[in-house]
Structures are given as structure tokens and as C-alpha cells.
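Per-entry structural report
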Amino acid sequence: MNSELLIQLLVNGIIVGMLYGIVAMCFVLIYKSTQVVNFAQGEFVVMGAWVCLSLVVSMGLPFWLAFLFTLAFMTAFGVLVQMILLRPLVGEPVISIIMATIGLSTFMRALMNWIFGNSAVSFPNVFSQSVISIAGLNVETAYVLSLVLSVAVMGLFFLFFRYSRWGLAMRATAYSQQVAQSLGIPIGRVFAMAWAISAVVSGIAGVVIGLVNAVSNSLSFIGIKVFPAVIVGGLDSIIGAVVGGLTIGLLENLAEFVDGQYLHIGNMYSVAPFYVLLVILMIKPYGLFGTPNIERV
């Protein structure tokens, strides 16, 4: 057994899993506050990557300044999506809102194809050193940045929900929208903030993934790849999103190792998370940390 390759893949799995975790947190954040699953989450990721790349390449901005402008743009974009597309649908059946997010996904994909094209484009050299050696392992600098940003985002999520006024309002809204509104909490602002935070975090993920794999519209597939992480952890659990992301990241890389060394089936890296998704749905339909929805008949 190639133990050095296994350790390398496990480290990569943890780093990628943390990135999956923060994207999964975006799913959970929107679902908890609005009871909507955002099927355009992958397109949010791609949008952030394209905006940052365009600012760096077309306008010649330094990467870190372009990154900050991208976060500001994604904040405004998330608020506009909620105000223009979703706020008029408040009170409508959930399926109508879900179909609206699917329509948003299709529209964003077509728009980005028209503006940016279909070809993959790489970021210019952002780091002076592309690979960092950690304990004898070669790790891409972008992966290290991904790990640092993922931990920072998770820490900010914890502090925001635990100690801030708006975090408390979001928790109350997630518990019961009617009760929160009766207590004077502005539900519309909470919804807009949830979508803004989700868009910002998705933009961060898109920039980091673009630094590693180049930017293309195919990156939107991460929205589908992260969905097993959301289901594994529980659709309404922030902690579950992190655990689910780490689980899927490690599982992908373990599947790649086992397939490459022993099975030689091919494509196990992509399909293994969905096998786990099916198993979890059969054993624990609400995920490892999800709240069971018990209804009296």
C-alpha cells in the first residue's frame, strides 16, 4: 500500500471537505431561515469566481483588492435575488419557490455562458510559491488558503449566530417565522441577510476553487457535489453541514485511492458520495444531525 499517497489524499480530503462544509452551510442557512433549498447555489459559486477573475485580468486589480470587491458584489447580488425574485413569492407553495431557484440557476448559467464563454480560464500567479511543504507533504498554496478561509468562515458563523443581534433574529426565524414576526423581528430583512451571507460564502468558495482548478461554468457542479454533504449532516444543522462536508471530502479521496490502487473501476471519486447519500437516506432520513419532523395524523 502506498501510504505516502494515502496520507496526501487524506490531507487533500480534509482541506476540500472544509470547503464543501462552508458551501453546505450556505444551503443550511437559507433552508433554516426560509425553508427553501437553493438549487442555484452552484451558480453562486461560479459567479464569485468569474467576478474576481475578471477584476484581476480585465481591470488589473491586485488579487486581494479584487477579492474584497467580489465579496461586496456577492453581498449586493444575494440581497437583489431575494428582493426581486423570492420576496414576491412569500406565502406561495414551497414547490413554486424551489422552481424559482431552478429557473434562477438556468438563467445564471446562460448569462455566464454569454458573458464569460465556455472555456476554462486560469488565475494569473497569485502566490509567489505555488506549493508549500508541510511535514513532508506538498500542499498547494491555494489549498492552504482554502483551509484558512474555511476555518475563519466557520468561526465567524459561530460568533454571528451566538452573540450578534441579527444572528439571534435568524435563529428565532429558523425556529418559527410566525413567532419571530410576532416578536417584531423583520422577517424580510432576515431573509435578505441570509441570502447575502450565502452569496458571499459561495463567492469565497468559488474564488478558492478557481485558484486551484481554473474558472469555468462547470464549477457549478459543486452545488450537486455538496448536496450529499448537506443530506448526510442534516438539512437544518450547521454543525451537520461541516461534518457532512468533511465526510464527503475524505470519502472522495479515499474512493480515489482504493479505486486507483485496487479496484480500477474508474469514476469512483465522483459516485462514492452519492452511494453514501442513499445509505444515509435509508438509515437516517433526516441526516446525522438533522431534526426529525414528527407530525400527528
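Residues numbered from 1 in each chain as written. Predicted model: local features only at pLDDT ≥ 70, side-chain atom pairs only at ≥ 80, totals over all residues. Heavy atoms only, no water.

1. Here's the deal with the pattern of salt bridges
Side-chain pairs of opposite charge can arise where the charged atoms are in close proximity. Operational definition: Only one rule defines a salt bridge in this text: a Lys or Arg side-chain nitrogen within 4 Å of an Asp or Glu carboxyl oxygen. Put simply, DSSP H or I for four residues or longer makes a helix, DSSP E for two residues or longer makes a strand, and each gets a number counted from the N terminus. Summary of the burial criterion: residues with accessible area below 20% of their type's maximum are buried, those above 50% are exposed, and those between are partly exposed, where the area comes from a 1.4 Å probe applied to protein chains only.
On inspection of all chains with the given rule, the structure shows two salt bridges. One salt bridge in this structure joins E43 and R109, with 3.0 Å as the shortest N-O distance. Here R109 lies in helix α4 (residues 94–116) and E43 lies in helix α2 (residues 41–57), a separation of 66 residues in the sequence. A relative accessible area of 2% places E43 in the buried class. Its relative accessible area of 33% is what places R109 among the partly exposed residues. Its salt-bridge partner being K225, residue E252 comes within 3.5 Å of it at the nearest N-O pair. Here the residue E252 occupies a position in helix α10 (residues 238–263), and K225 occupies one in helix α9 (residues 222–233), the gap between them amounting to 27 residues.

2. Let's talk about the state of the cysteines
Which entries qualify depends on this criterion: We call a pair of cysteine sulfur atoms a disulfide when they lie within 2.5 Å.
With the rule as written, the count across this model stands at zero disulfides. In this structure C26 is not part of a disulfide, and its nearest cysteine sulfur, from C52, lies 17 Å away. Since its relative accessible area comes to 0%, C52 is described here as buried.

3. Points about the environment of L246
Under the convention used in this document: Here, residues are in contact when the closest pair of their heavy atoms is within 4.5 Å.
Mapped onto the fold, L246 is located in helix α10. L246 gets classed as partly exposed once you look at its relative accessible area, which sits at 25%. In this structure the C-alpha to C-alpha distance between L246 and A174, which are 72 residues apart in sequence, comes to 24 Å. Residue contacts for L246: discarding those within four places in its chain leaves I14, G17 and M18.

4. Observations concerning unusual backbone geometry
For residues other than glycine, phi is negative in most cases, and the peptide bonds are mostly trans. The backbone of A214 shows a phi angle near 75°, a positive value even though the residue is not glycine. Mapped onto the fold, A214 is located in the loop between α8 (187–213) and α9.

5. Some details on a nonpolar patch on the surface
Test applied: Residues enter patches when they are more than 30% accessible in relative terms and free of salt bridges; like-charged ones are connected within 9 Å and nonpolar ones (Val, Leu, Ile, Met, Phe, Trp, Tyr) within 5 Å. With residues, only the protein chains shown are counted as cover, and all accessible areas are computed by Shrake-Rupley using a 1.4 Å probe.
A surface patch of nonpolar side chains, about 650 Å² in accessible area, is lined by Y275, L278, V279, L281, M282 and I283. Looking at the secondary structure, you find L278 in helix α11 (residues 268–283).

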